[in-house]
Amino acid sequence: MKCKVFKGKWYEAMDAFNAWAKGKALNKAVIIHSHTNPFVIQGGYDIDLTIVVFHPEGDPWEGVQS
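Fair warning: this is a prediction, and the values are worked out from it, not measured in the lab. (Residues numbered from 1 in each chain as written. Predicted model: local features only at pLDDT ≥ 70, side-chain atom pairs only at ≥ 80, totals over all residues. Heavy atoms only, no water.)

When you look at the pattern of salt bridges in this model, what are you seeing that I'm missing?
Between side chains of opposite charge, a pair can form when the charged atoms approach closely. Evaluation of the coordinates by the stated rule reveals 1 salt bridge. The salt bridge partner of Asp46 is Lys9, with a shortest N-O separation of 3.8 Å. Taken together, the positions of Asp46 in strand β3 (residues 44–55) and Lys9 in strand β1 (residues 2–9) put the pair 37 residues apart, joining distant regions of the chain. The exposure class of Lys9 is partly exposed, given its relative accessible area of 27%. (Salt bridge = Lys/Arg side-chain N within 4 Å of Asp/Glu carboxyl O. Helix = DSSP H or I, 4+ residues; strand = E, 2+ residues; numbered from the N terminus. Buried < 20%, exposed > 50% of the residue type's maximum accessible area, 1.4 Å probe, protein only.)

The structure is reproduced here in structure tokens:
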């Protein structure tokens with residue numbers, strides 16, 4: 001098993017995860033854990049998102065499809 005971590009503002013982490021997961025078969029061998037961390041900025045708040053994916057080793061899981 002390998003681990004891949006996507007972290008950043010919620011929309012950046014989601015976009016990076018979606019680009020990586022495109023064309024991959026997410027099945028019961030894949031474990032996805034997400035965690036949000038809201039923080040205060042001037043005039044409001046923003047949300048950091050961390051997505052941790054544990055996946056099998058192998059070619060389809062190693063890179064991002066172009």
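Now that the structure has been shown, the text picks up again.
Before we go on, may I ask you to explain a nonpolar patch on the surface in this structure?
A grouping of Met1, Ile31 and Phe54 is seen on the molecular surface, where their side chains present a nonpolar patch of about 310 Å² in accessible area. Residue position: Met1 is located in the segment before β1. (Patch = residues over 30% accessible without salt bridge, like charges linked within 9 Å, V, L, I, M, F, W, Y side chains within 5 Å. Areas by Shrake-Rupley, 256 points an atom, 1.4 Å probe, with all protein chains shown as cover.)

For this particular structure, what's the right way to read the environment of Trp10?
Looking at the element boundaries, Trp10 is found in helix α1 (residues 10–21). Looking at Trp10, the relative accessible area reads 40%, which means it is partly exposed. Here the alpha-carbon distance between Trp10 and Ile51, two residues 41 residues apart in the chain, equals 9.6 Å. Residues contacting Trp10, with those up to four places away along its chain left out, are Asp46, Ile47 and Leu49. (Contact = heavy atoms within 4.5 Å.)

Would you mind going over the pairing of strand β2 (residues 31–41) with me for this structure?
Taken residue by residue, a regular strand's side chains alternate between the two faces of the sheet. Across 11 bridges, the pairing between β2 and β3 is antiparallel. The residue of β3 that forms the bridge with Asn37 is Asp48. The antiparallel hairpin formed by β2 and β3 contains 2 residues in its connecting segment, where Gly43 sits at a positive phi of about 85°. (Pairing = 2+ DSSP bridges.)

Explanation requested: the packing of aromatic side chains in the structure shown.
Remark: the centre distance and the inter-plane angle together describe each pair of aromatic rings, the angle taken between the planes. What the rule picks out here adds up to 4 aromatic pairs. Geometrically, the ring pair formed by Phe6 and Trp20 is tilted, given 5.7 Å between the ring centres and 55° between the ring planes. On the criterion of sequence distance, the pair formed by Phe6 in strand β1 and Trp20 in helix α1 is long-range, its members being 14 residues apart. Given a relative accessible area of 8%, Phe6 falls into the buried group. On the basis of relative accessibility, which here comes to 0%, the residue Trp20 falls in the buried class. Ring geometry for Phe17 and Trp20: centres 6.2 Å apart, planes at 40°, overall tilted. Here Phe17 and its partner Trp20 are both found in helix α1, 3 residues apart, which amounts to about one turn of the helix. The same class applies to Phe17 and to Trp20, which are both buried. By way of ring pairs, the aromatic residues Phe6, Phe17 and Trp20 are connected into one cluster. A cation sits over an aromatic face here: Lys24 above Trp20, 4.9 Å from the ring centre. (Phe/Tyr/Trp six-rings, centres within 6.5 Å; stacked < 30°, edge-to-face > 60°. Lys NZ or Arg CZ within 6 Å of the ring centre and 35° of its normal.)

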